[in-house]
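# Structure at a glance
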Amino acid sequence: MKFYIQSRNDDLSNRLRETAKTYLVDFGLIFDEENPDIVLSIGGDGTLLHAFHKYKHLTSSVAFVGIHTGHLGFYADWKPIEIEKLVISIAQKEFEVIEYPLLEVTINYQHEEDSSVYLAVNESTVKSPDVTLVMDVELNGKHFERFRGDGLCMSTPSGSTAYNKALGGAIVHPSLEAMQLAEIASINNRVFRTVGSSLVLPKHHSCLLKPVKGPDFMVTIDHLQLLHKDVQSIKYRVADEKIRFARFRSFPFWQRVHDSFIDSDLEK
Ligand code: NAP
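The shown structure was predicted, so the numbers you read here are calculated from the model rather than taken from an experiment. (Residues numbered from 1 in each chain as written. Predicted model: local features only at pLDDT ≥ 70, side-chain atom pairs only at ≥ 80, totals over all residues. Heavy atoms only, no water.)

### What to know about the site of the ligand
Taken together, the neighbourhood of the ligand is formed by 16 residues, with Asp45, Gly46, Asn122, Glu123 and Thr161 sitting nearest. Histidine 71 has a polar side-chain atom sitting 3.2 Å from an oxygen atom of the ligand. Computed on the free molecule, the ligand has an accessible area of 840 Å², of which 62% lies beneath the protein chains in the complex. Among the elements of the structure, helix H2 (45-54) and helix H4 (163-166) are those that each provide at least two residues to the shell around the ligand. If one sorts the elements of the shell around the ligand by residue count, H2 sits on top with three residues. (Near = heavy atom within 4 Å. Polar contact = N/O pair within 3.5 Å; in protein donor to acceptor, adjacent residues only side chain to side chain. Areas by Shrake-Rupley, 256 points an atom, 1.4 Å probe, with all protein chains shown as cover. Helix = DSSP H or I, 4+ residues; strand = E, 2+ residues; numbered from the N terminus.)

Here's what the structure looks like:
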């Protein structure tokens, strides 16, 4: 089996990377940055996002496993002291793969036939670079509302505990193939009106954002942020591709939610 290790690049993460690499090579695994079967991400959830985007062209074959060197993470749920146990499991066990939904983002431009297509693990947000964002929101080809405000955030189920949660969106179990549209500071008064609640859309639905004001937008895909010029529309749907995680033990999603947001026995 071929492996790669992505580190957050702090001292502890780099030391753990070297330890894990030495053990895995001793066990006969092959270090292969180009075409790994398994990627260990050592750092935080942000490190896993970086690792995914490095290998997004290998979504159907690569599996991720995360070790957290800070607080407990959603994608990084192994502790540094468990590194030997994890390495032995990787070397000796057939692992189970669990898959989480991804978000597909397609940006069309006014004077171009080509569009940009991205995959997000957590979410994609749209903001206007300098003025209030004004976007028509279409659901399944039908006008739903005209949004005015700071921005819109479309998240995956596993990303629902990230930016989406800070916006008051619901936490969605990653076994549900869905995406969630949350508002970022919408303007609501007697003249302007939006639904106000987050919308959870199933896999067979699509959401199209059509600019009303200004053709240039800041669009984020997880940690990546780009200014897109002359945007005609931004389409969101649940992607056909999924992110794959190598699972060596059970750590239920709601337990991770509890340990991250309520009380963590793990970190006491
Ligand atoms: P960052 O600003 O360094 O990290 C943002 C925080 O989000 C980190 O604490 C990170 O955990 C955590 N996080 C990432 N994915 C998560 C998930 N699925 N569930 C719960 N927490 C999660 O930025 P970054 O490391 O480049 O990560 C980009 C992410 O930051 C975006 O995808 C977005 O979700 C999040 N973000 C959040 C807010 C907000 O909450 N107001 C605003 C902007 C962006 P680790 O420390 O373990 O890496």
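### Remarks on empty space enclosed by the protein
Under the criterion given, the structure shown has one cavity of 30 Å³ or more. Volume-wise, the largest cavity comes out at about 220 Å³. Elements with a contribution of two residues or more to the lining of the largest cavity: strand S4 (63-68), strand S5 (96-109) and strand S15 (231-247). Here the lining of the largest cavity is composed, by residue class, of 11 nonpolar, two polar and four charged. (1 Å grid on protein atoms, 1.4 Å probe; cavity = no way out; pocket = protein on both sides within 12 Å on 5 of 7 lines; lining within 4 Å. Points joined across faces, edges and corners; volume = space filled by probe spheres on them. Nonpolar A, V, L, I, M, F, W, Y, C, P; charged D, E, K, R; others polar.)

### What about the pattern of salt bridges?
It is possible for side chains bearing opposite charge to pair when their charged atoms get close. Within this structure, the stated rule accounts for 13 salt bridges. Here glutamate 96 makes a salt bridge to arginine 247, at a shortest N to O gap of 3.2 Å. Here glutamate 96 is found in strand S5, whereas its partner arginine 247 is found in strand S15, with 151 residues between them in sequence. One salt-bridge network, held together by shared partners, links Glu104, Glu177, Lys203, Arg237, Asp240 and Lys242. (Salt bridge = Lys/Arg side-chain N within 4 Å of Asp/Glu carboxyl O.)

### Some remarks on the packing of aromatic side chains
Taken as a whole and judged by the stated rule, the model has 11 aromatic pairs. Ring centres of phenylalanine 74 and phenylalanine 253 lie 6.0 Å apart, and the angle between their planes is 55°; on these two criteria the pair is classed as tilted. Of the two residues, phenylalanine 74 sits in the loop between S4 and helix H3 (83-92) while phenylalanine 253 sits in helix H5 (residues 253-261), which places them 179 residues apart along the sequence. On the basis of an interplanar angle of 5° and a centroid distance of 5.8 Å, the ring pair of tyrosine 75 and phenylalanine 245 is categorised as stacked. Of this pair, tyrosine 75 sits in the loop between S4 and H3 while phenylalanine 245 is found in strand S15, placing the two residues 170 residues apart along the sequence. The residues tyrosine 75 and phenylalanine 245 share a single accessibility class, namely buried. What links up through ring pairs into an aromatic cluster is the set Phe3, Tyr4, Phe31 and Tyr55. Just above the ring of phenylalanine 261 sits the side chain of lysine 165; from NZ or CZ to the centre is 4.3 Å. (Phe/Tyr/Trp six-rings, centres within 6.5 Å; stacked < 30°, edge-to-face > 60°. Buried < 20%, exposed > 50% of the residue type's maximum accessible area, 1.4 Å probe, protein only. Lys NZ or Arg CZ within 6 Å of the ring centre and 35° of its normal.)

### Structural notes on the UniProt feature "active site" (unreviewed entry) in the protein
When the UniProt feature table is mapped to this numbering, "active site" (unreviewed entry) covers Asp45. Among the structural elements, aspartate 45 can be located in helix H2. Those residues within four positions of aspartate 45 in sequence are excluded, and the remaining contacts are Gly73, Phe74, Tyr75 and Ala76. (UniProt positions renumbered as here; feature names shortened; annotations may be inferred. Contact = heavy atoms within 4.5 Å.)

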